[in-house]
Amino acid sequence: FRRRARLAPGNTRAAMTWATEITEKANQITGLNIGLFAPTFSPGVGTLSWSTFVPDLPTIEAANDKLLVDDAYVSMLDAGAKFALGGADDVLLQIVHGAPDASRQIEYATTVQTVCASGSLTKGVELGIEIAQRAEKTLGTPVLFATATTGSYGEVSWISGYADVQALEKSQQALAADAKFAEFV
């Protein structure tokens, strides 16, 4: 599950303080491990993403129900509206390759998305899994491959997590140097 919201210009420090505090509150109320991420070195600077992995939809539904009846959380949510540029967008993804590892400390994540061509969803998912497997070998880090269950039909994503910026850079250099990977893609 991922929720994205774009920050309005100005009040950056106050907005980030609010985002961190509401993330902590949501984790406390739901018992989930919700991460707060912001794009760096890519499009969407100023966008915040809250994401978590859950075993099933009833888990996310129960978490949402807990949040919406908690007066302190709702007050924090309302107070944060002044920091937003428009509303928020939710996305549900289904992991079809790989598995999240809660024991890994992730500071940076890369996400690559595309939409499978009409009439080619099955082939696109098969190739997506193979791309993830090949990337894992080159990167030396897990690569999750997911299909969107909401949003654009046929959307797929590859997601990798890194402990720090050095690990991210090292993996991207390895991927760029792998001519066979680039040729396959």
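Owing to the predicted nature of the structure, the values given are computational and were not obtained by experimental measurement. (Residues numbered from 1 in each chain as written. Predicted model: local features only at pLDDT ≥ 70, side-chain atom pairs only at ≥ 80, totals over all residues. Heavy atoms only, no water.)

Notes on the packing of aromatic side chains
According to the stated counting rule, one finds three aromatic pairs in the structure shown. Taking the centre distance of 6.2 Å and the plane angle of 85° together, the rings of Trp18 and Trp50 count as edge-to-face. One end of the pair, Trp18, is in helix 1 (residues 12–30); the other, Trp50, is in strand 3 (residues 47–51), with 32 residues separating them in the sequence. There is no split in this pair, since Trp18 and Trp50 are both buried. Ring centres 5.2 Å apart and planes at 45° place the aromatic pair Phe145 and Trp158 in the tilted group. One end of the pair, Phe145, is in strand 7 (residues 144–148); the other, Trp158, is in strand 8 (residues 155–162), with 13 residues separating them in the sequence. Taken individually, Phe145 and Trp158 each receive the classification buried, so the pair is uniform in this respect. In this structure an aromatic cluster arises from ring pairing among Trp18, Trp50 and Phe83. Above the plane of the ring of Phe184 lies Arg134, whose end atom (NZ or CZ) is 3.8 Å from the centre. (Phe/Tyr/Trp six-rings, centres within 6.5 Å; stacked < 30°, edge-to-face > 60°. Helix = DSSP H or I, 4+ residues; strand = E, 2+ residues; numbered from the N terminus. Buried < 20%, exposed > 50% of the residue type's maximum accessible area, 1.4 Å probe, protein only. Lys NZ or Arg CZ within 6 Å of the ring centre and 35° of its normal.)

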